[in-house]
There are 2 protein chains.
Amino acid sequence: MNDRSKIEEPVSSEFARFNREFESSLRSETNLLQAAIDQILGATGKHIRPLLVLLAAKACGAVTESTINSAVFLELLHTATLIHDDVIDETKQRRGVPSLNAIFDNRVAVLTGDYILSTALIRSIQTGDMRIIGIVSNLGRDLSEGEIKQMETADERILDESCYLQVIYKKTATLLAACTSIGAISAGADDKQIAQLHEFGELLGYAFQIRDDIFDYFDASHIGKPTGNDIREGKVTLPLLYALRQPNEEAAHLRQIILNKDLTDEHIKRLIDFAKVSGGIEYAKQSMMRYHHQALEVLRSLPESAARNALAALADYIVTREK
Amino acid sequence: MNDRSKIEEPVSSEFARFNREFESSLRSETNLLQAAIDQILGATGKHIRPLLVLLAAKACGAVTESTINSAVFLELLHTATLIHDDVIDETKQRRGVPSLNAIFDNRVAVLTGDYILSTALIRSIQTGDMRIIGIVSNLGRDLSEGEIKQMETADERILDESCYLQVIYKKTATLLAACTSIGAISAGADDKQIAQLHEFGELLGYAFQIRDDIFDYFDASHIGKPTGNDIREGKVTLPLLYALRQPNEEAAHLRQIILNKDLTDEHIKRLIDFAKVSGGIEYAKQSMMRYHHQALEVLRSLPESAARNALAALADYIVTREK
């Protein structure tokens, strides 16, 4: 993260506490489960979600016990969904290290995901706040329904922007909105502030996922060719969606190729190139920046503070990051 | 169920309400998910868990809204774990019809399980009772940890009765104990009654799982040979555990065969036969009956009622059923 310190600064001691609590949140006496947990803890991510929780709370007042607890269970929930996603997509690598399903097998990965999901729910219950508990349980349903909807649109090759937005809403925007609104609730914010931070998180979630989807059109692992994993799995994301609705012959032809399903590496290269030359990347970036601007707009309605500025910096990071 | 009507009679109208609510508890606008849900609802089980909830509530007073809600979410939770179990064990049939992973694929099955699990949690939260919510969330963790522990003991071929009992405690007894104690809580029972019904459910859970495990040594599908699925997956259950600790040469030899892992059909037949001739089935049945007797003993401490008698009849059914 470029200006990571600027983002963490207003909650540095709280973030250190989060890190300790997160590390100690997963412990099992079952050796196989503990081995899986150790593997996960050895490859932690950028912790964007807990930072959102802490900063949202700070922007509304102060970080409480319930804020730390929420940051932990929301990161646990995110971790659980990543593990199941890796099983579903048969991903062999995650955050530069082998995924659980690659090291162990699908059985261990499914159950470890279930275990971490349950651990997350227990911690959410420990906040004792029915509003927080309610948000979390709906989240589990949204996240799984979002993934199933994505599979469905992929299987049926649905080329429709509103379907795409529904999927990224359920699979990403709801989680980020939960982070910011739960952060606000945990700090005792009033309903208006909670709603504002919810909206900020949701808009940021759209921007975040569009940024993620754009990565697939470029060479992420420096192997000399774009990743193209999404297209290979039938997921037509915004750049290609835009390109395929151009009224020209090439677009019509490529729409047929996608419908035929059996995509070769050659097809994938052609689709990526077409998305690029048709302005699909620019279109997606503009859409991302619209969400980003709206998110910052909402943020400005909150009182000025170091935490609010850090949230803005985090939003900037999300749209400018290079993975 | 032999004397099913005797068991259902004290809660017949409440059970009818449960059935309606359960059917309508799962609805999705995502076609693929709804197709998976329809498949599940078309192959419902014996509903032993909801009956335990309803009868436990009735035995402590009366069935409330919260009782019905609890019966629904506990059956949903059970359904979700069955779906994930089928993925883990690569089971192709469930309740006489193809499993979700067989009809669709592992991806749909994992996500549908996640979705139903989340739906269950939302409904548990709707009871608004923190004691119920707390039991449910711990349950999710116990069930997944139990399954992982079972895999671990299977992989390492652990031949130890206390490990076996730990596994069946986590994977079965905790859920049945949750059903009876939540039933009692939902009826406003006092702490003593809640504890008694918890113990009854737990003891019944052990008896239930031992009965289930014994089935594996017999010809369930009338194909002319015992199922042997557990042994094939490395799960050494009580009958064989008992047989293998006999101080004779055949037992020592078969322990070696199990440790070598690659079990042929011939090995499995030999292990099953050995469990039978060594008195393993009788030993397991005696163990099961001890749990059954203890469960009935606990039950007698509750005031006499039609619901209490139905719980006893349900306990009898559990140990005498032929699948």
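Please read all numbers here as calculations on a predicted model, not as lab measurements. (Residues numbered from 1 in each chain as written. Chains lettered and ligands numbered in written order. Predicted model: local features only at pLDDT ≥ 70, side-chain atom pairs only at ≥ 80, totals over all residues. Heavy atoms only, no water.)

A.B. asks: Just checking my understanding: could you explain the overall build of chain A for this structure?
C.D. replies: Across its full length, chain A carries 16 helices and two strands. Here the C-alpha radius of gyration of chain A, 20 Å, is about what a compact globule of 323 residues would show, namely 20 Å. Counting all 323 residues of chain A, 59% fall into the buried class. In chain A, once contacts between residues fewer than 6 apart in sequence are set aside, the share between residues at least 24 apart is 74%. Carbon and sulfur atoms make up 48% of the accessible area of chain A, which totals about 12,800 Å². Charge centroids of chain A, computed over 36 positive and 46 negative side chains, lie 2 Å from each other. (Helix = DSSP H or I, 4+ residues; strand = E, 2+ residues; numbered from the N terminus. Rg over C-alpha atoms; globule rule 2.2 N^0.38 Å. Buried < 20%, exposed > 50% of the residue type's maximum accessible area, 1.4 Å probe, protein only. Contact = heavy atoms within 4.5 Å. Areas by Shrake-Rupley, 256 points an atom, 1.4 Å probe, with all protein chains shown as cover. Lys, Arg positive; Asp, Glu negative; His and termini not counted. Charge placed at Lys NZ, Arg CZ, Asp CG, Glu CD.)

A.B. asks: Just to check I follow, could you spell out the interface of chain B and chain A for this structure?
C.D. replies: Reports of interface size often rely on the accessible area that becomes lost once the parts have come together. Across the boundary between the two partners, chain B contributes 38 residues, which contact 38 residues of chain A. Interface area, chain B with chain A, both sides summed: about 3,800 Å², of which 70% is carbon and sulfur. Taken as a group, Arg107(B), Leu111(B) and Ile148(B) account for 17% of the area that chain B buries against chain A, more than any other trio of residues on that side. Counting across the chain B and chain A interface gives one salt bridge. Linking Asp155(B) and Arg107(A) is a salt bridge whose minimum nitrogen-to-oxygen distance equals 3.6 Å. Remark: the boundary between chain B and chain A carries 16 residue pairs in polar contact (both at pLDDT 80 or more). When contributions to the side of chain B that touches chain A are tallied by element, the ones reaching two or more residues are α3 (31-41), α5 (65-89), α7 (106-126) and α8 (130-155) of chain B. Per-class residue counts for the side of chain B that touches chain A are 16 nonpolar, 13 polar and nine charged. (Buried area = accessible area lost by both parts, 1.4 Å probe. Salt bridge = Lys/Arg side-chain N within 4 Å of Asp/Glu carboxyl O. Polar contact = N/O pair within 3.5 Å; in protein donor to acceptor, adjacent residues only side chain to side chain. Nonpolar A, V, L, I, M, F, W, Y, C, P; charged D, E, K, R; others polar.)

A.B. asks: Would you mind showing me how to read unusual backbone geometry here?
C.D. replies: Note: most peptide bonds trans; most residues except glycine with negative phi. Positive phi, close to 55°, is recorded for His47(A), a residue that is not glycine. Positionally, His47(A) belongs in the loop between α3 (31-41) and α4 (48-59).

A.B. asks: I would appreciate a short explanation of the relation of the copies chain B and chain A in the present structure.
C.D. replies: What relates the two chain copies is a rotation about an axis together with a slide along it. Relative to chain A, chain B is turned by 180° and slid 0.0 Å along the rotation axis, the superposed coordinates differing by an RMSD of 0.0 Å. Each copy turns onto its partner about a two-fold axis. Relative to the rotation axis, the C-alpha of Val110(B) is the closest in chain B, positioned 3.7 Å from it. Taken as a fraction of all interface residues of chain B, those also at the interface in chain A reach 100%, which identifies the copy contact as same-surface. (Least-squares fit on C-alpha atoms with pLDDT ≥ 70 in both.)

A.B. asks: Help me understand the pattern of salt bridges in this model?
C.D. replies: Evaluation of the coordinates by the stated rule reveals 33 salt bridges over all chains. Between Arg17(A) and Glu65(A) there is a salt bridge whose closest N-O contact spans 2.9 Å. Here the residue Arg17(A) occupies a position in helix α2 (residues 12-24), and Glu65(A) occupies one in helix α5 (residues 65-89), the gap between them amounting to 48 residues. Linking Lys269(B) and Asp273(B) is a salt bridge whose minimum nitrogen-to-oxygen distance equals 2.8 Å. Of this pair, Lys269(B) and Asp273(B) both sit in helix α14 (residues 265-277), four residues apart, roughly one helical turn.

A.B. asks: In this structure, what is going on with helix α16 (residues 306-320) of chain B? I would like to understand it.
C.D. replies: In an α-helix, one turn spans 3.6 residues, which is why side chains three or four residues apart end up on the same side. The first and last C-alpha atoms of α16(B) sit 21 Å apart over 15 residues, in line with the 21 Å expected at 1.5 Å per residue. Next to the buried residues of α16(B) lie α1 (4-8), α4 (48-60), α10 (191-215) and α15 (280-299) of chain B. (Expected span 1.5 Å × (residues − 1).)

A.B. asks: Sorry if this is basic, but what is going on with the packing of α5(A) against helix α7 (residues 106-126) of chain A here?
C.D. replies: A pair of packed helices can be characterised by two numbers: the angle between their axes and the separation between those axes. Residues and elements named next belong to chain A. Where α5 contacts α7, the axes come no closer than 8 Å and their chain directions differ by 160°. Of the possible angle classes, the one that applies to α5 and α7 is roughly antiparallel. Crossing angle aside, the handedness with which α5 passes α7 is left-handed. Contacts between α5 and α7 involve Asn69, Val72, Phe73, Leu76, Leu77, Thr79, Ala80, Ile83, His84 and Val87 from the former and Asn106, Ala109, Val110, Gly113, Asp114, Ile116, Leu117, Thr119, Ala120, Arg123, Ser124 and Gln126 from the latter. Its residues assigned to classes, the contact of α5 with α7 comprises twelve nonpolar, eight polar and two charged. (Axes fitted to C-alpha atoms, helices over the stretch in contact; angles between N-to-C directions. Parallel < 35°, antiparallel > 145°, perpendicular 65-115°, else oblique. Left-handed = near helix turned anticlockwise from the far one by under 90°.)

A.B. asks: Looking at this structure, how should I read the packing of α10(B) against α16(B)?
C.D. replies: Residues and elements named next belong to chain B. Two numbers describe how α10 lies on α16: the axes approach to 9 Å, and their chain directions differ by 20°. Considering their axes alone, α10 and α16 lie roughly parallel with respect to each other. By crossing handedness, the relation of α10 to α16 is classed as left-handed. Across from Leu197, Phe200, Leu204, Ala207, Phe208 and Arg211 in α10, the residues of α16 making contact are Leu311, Ala315, Ile318 and Val319. Taken together, the residues that form the contact of α10 with α16 break down as nine nonpolar, no polar and one charged.

A.B. asks: It is not clear to me how the side chain of Ser181(A) should be interpreted in this structure. Could you clarify?
C.D. replies: All names here are of chain A. Tracing the backbone through its elements, the reader meets Ser181 in helix α9 (residues 161-186). By relative accessible area, which is 1% here, Ser181 ends up buried. Within the local environment of Ser181, its side chain forms a polar contact with the backbone oxygen of Ala177, the two atoms lying 2.8 Å apart. Sequence-distant contacts of Ser181, defined by excluding residues within four places in its chain, comprise Ile135, Ile194 and His198.

A.B. asks: Just to check I follow, could you spell out the environment of Gln246(B) for this structure?
C.D. replies: Residue and element names in this part refer to chain B. Position of Gln246 among the secondary structure elements: in the loop between α12 (238-244) and α13 (249-259). Along the primary structure Gln246 and Ser278 are separated by 32 residues, whereas in three dimensions their C-alpha atoms are 7.9 Å apart. Within the structure, the side chain of Gln246 is placed 2.8 Å from the backbone oxygen of Tyr242, a separation counted as a polar contact.

A.B. asks: Got a minute to help me understand the packing of aromatic side chains in this structure?
C.D. replies: Centre distance and the angle of the planes are the two values used to describe a pair of aromatic rings. All names here are of chain A. Evaluation of the coordinates by the stated rule reveals ten aromatic pairs over all chains. Judged by centre distance (6.3 Å) and plane angle (25°), the ring pair of Tyr169 and Tyr206 falls under stacked. Highlighted residues: Tyr169 in helix α9 and Tyr206 in helix α10 (residues 191-215), separated in sequence by 37 residues. According to the relative accessible area criterion, Tyr169 is partly exposed, its value standing at 27%. Residue Tyr206 is classed as buried on the basis of its relative accessible area, which comes to 12%. Taking 4.2 Å as the distance between ring centres and 15° as the angle between the ring planes, the aromatic pair formed by Tyr242 and Tyr283 counts as stacked. With Tyr242 in helix α12 (residues 238-244) and Tyr283 in helix α15 (residues 280-299), the pair connects residues that are 41 residues apart, well separated along the chain. Its relative accessible area of 18% is what places Tyr283 among the buried residues. Members of the aromatic cluster, joined through ring pairs, are Phe15, Phe18 and Phe22. (Phe/Tyr/Trp six-rings, centres within 6.5 Å; stacked < 30°, edge-to-face > 60°.)

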